[in-house]
Each structure stands twice: as structure tokens, then as C-alpha cells.
Amino acid sequence: MLVFIEVFLLTAALSVDSLASAMSYGINKSRITVKNAAIISVVCTLLLAVSVVLGGILNRFIPLFATDIIGCAVLVILGLFKLFSSHKQEEISTLSLKETLILAVGMSADGAAAGIGTGVAEPNRLLALTICSLPITFAALLAGNRLGLRIGKSLPSVFGRLGLPYLMNRMTLEGGRE
């Protein structure tokens, strides 16, 4: 039972980034559909599982901070693309498959780092992590996006596009650093 609680808490913590990023997209009037959320959840869960399996091997070659830098760079590039490509978006748009995959890889960076650490310390938690990660990430994405869409309706467009999403992404990208 203790293993399940540890795994649940780890996957819930990893899903906070998904929740905040999905809220940010919602505030910017970008809808994450059930299909988008499923794709992102599967990618995040697969990368988490692969990183657990390869944790011991990768830990010797790639420092953990490198996954944070890569994930941050992907999210910043995607954010800049969205900022400059949608000058005044009044209608709600849906993420394209390309945007969905880029977002999924960016969101997976923390999971990969956690998976590497877990793989080194506790490789027998693979099944529990996989079972927990998929539904928690999926729920966080849908809930965050729906909440963001509601918040976005009440914010002036300039503040919504530049202010709150920037702060939310900044908090999630630096949330693990103390």
C-alpha cells in the first residue's frame, strides 16, 4: 500500500506541470481535446516508463539537469510560436497534432528525470507508475484546459496572452528548484 501512495504522489506531482500548461493553453483560447490529452498522456507515460527502465544506464551518461533544460527550451519555443502566430485570437482553436506532440515531449522532461531517478533507486515500480501516470496526466490536462478556457473568457486578451500564462509556465518550469 505504501508503494502505491508513493507512486500516486509522484505522478500527481508530475501532473501539476500538465495542469498548469493546459490552463495556460486554455487562457490563450487553445482547446486541448480528449484526443490531444490522450496523445500527451500516452507520450508522457511512455517516456516515464522508458526512463524508469533505462534509468541506471542513462544516469551514467546524461545529467539530470539536462532534461530540465531540454523541456524548458521546447516549451519556450512553443510558447513564442503561439505568441507570435496568433496576434488576436478571439475564437477558440484546437491544438494541431504537431503542437500536441511538441507539448507532450516538453511536458515529459520532468517525468523522464523522475523516471531516471526512480529507475536507479526503485526499478520495480514501473507497472505502478505506468498505471497511475496515464489517468492522472489525462485528467490534469482536461481539467486544466477547461479551467483555463473559463479564466481566459474573463481576462483581457493582452493580459491573457502575455501575463498569466507566462507566470504559470515560469512557476511550473522552476517549481522543482529550491
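Residues numbered from 1 in each chain as written. Predicted model: local features only at pLDDT ≥ 70, side-chain atom pairs only at ≥ 80, totals over all residues. Heavy atoms only, no water.

### A short note on the overall build of the chain
Helix and strand counts for the chain stand at 8 helices and 2 strands. The order of helices and strands in the chain, counted from the N terminus, is α-β-α-α-α-β-α-α-α-α. Residue pairs at least 24 apart in sequence account for 94% of intrachain contacts in the chain once pairs closer than 6 positions are excluded. Taken as a whole, the chain presents about 9,700 Å² of accessible surface, with 73% of it coming from carbon and sulfur. (Helix = DSSP H or I, 4+ residues; strand = E, 2+ residues; numbered from the N terminus. Contact = heavy atoms within 4.5 Å. Areas by Shrake-Rupley, 256 points an atom, 1.4 Å probe, with all protein chains shown as cover.)

### Structural notes on the packing of helix 1 (residues 2-27) against helix 6 (residues 126-154)
One way to put it is that helix 1 packs onto helix 6 with a least axis distance of 7 Å and a crossing angle of 30°. Relative to helix 6, the element helix 1 is oriented roughly parallel. Here helix 1 runs over helix 6; the crossing is right-handed. (Axes fitted to C-alpha atoms, helices over the stretch in contact; angles between N-to-C directions. Parallel < 35°, antiparallel > 145°, perpendicular 65-115°, else oblique. Left-handed = near helix turned anticlockwise from the far one by under 90°.)

### Side note on helix 2 (residues 34-53)
Relative to the 28 Å expected for 20 residues at 1.5 Å per residue, helix 2 spans 28 Å between its end C-alpha atoms, a close match to the ideal helical length. Buried within helix 2 we find Asn-36, Ala-37, Ile-40, Ser-41, Val-43, Cys-44, Thr-45, Leu-48, Ala-49, Ser-51 and Val-52. (Expected span 1.5 Å × (residues − 1). Buried < 20%, exposed > 50% of the residue type's maximum accessible area, 1.4 Å probe, protein only.)

### Let's talk about a nonpolar patch on the surface
A grouping of Met-1, Leu-2, Phe-4, Ile-5, Phe-8 and Leu-9 is seen on the molecular surface, where their side chains present a nonpolar patch of about 680 Å² in accessible area. Positionally, Phe-8 belongs in helix 1. (Patch = residues over 30% accessible without salt bridge, like charges linked within 9 Å, V, L, I, M, F, W, Y side chains within 5 Å. Salt bridge = Lys/Arg side-chain N within 4 Å of Asp/Glu carboxyl O.)

### Notes on a positive patch on the surface
A surface patch of like charges, here positive, comprises Arg-31, Arg-146, Arg-150 and Lys-153. The dominant element in the positive patch, judged by the number of residues it contributes, is helix 6, at 3 residues. In this structure, Arg-146 sits in helix 6. Overall, Arg-146 belongs to the partly exposed group, its relative accessible area being 35%. (Lys, Arg positive; Asp, Glu negative; His and termini not counted. Charge placed at Lys NZ, Arg CZ, Asp CG, Glu CD.)

### Description of the nonpolar core
The biggest cluster of nonpolar side chains holds 13 residues, and the ones touching the most others in it are Ile-32, Ile-40, Leu-103, Met-107 and Leu-141. Listing elements by their share of this core, those giving two or more residues are helix 1, helix 2, helix 5 (97-121) and helix 6. By residue number, the principal contributor to this core is helix 2, which donates 4 residues. Counting 8 residues, the second-largest nonpolar core is a separate cluster that includes Leu-48, Leu-129, Cys-132 and Ile-136. (Core = buried A, V, L, I, M, F, W, Y, C linked by side-chain atoms within 4.5 Å.)

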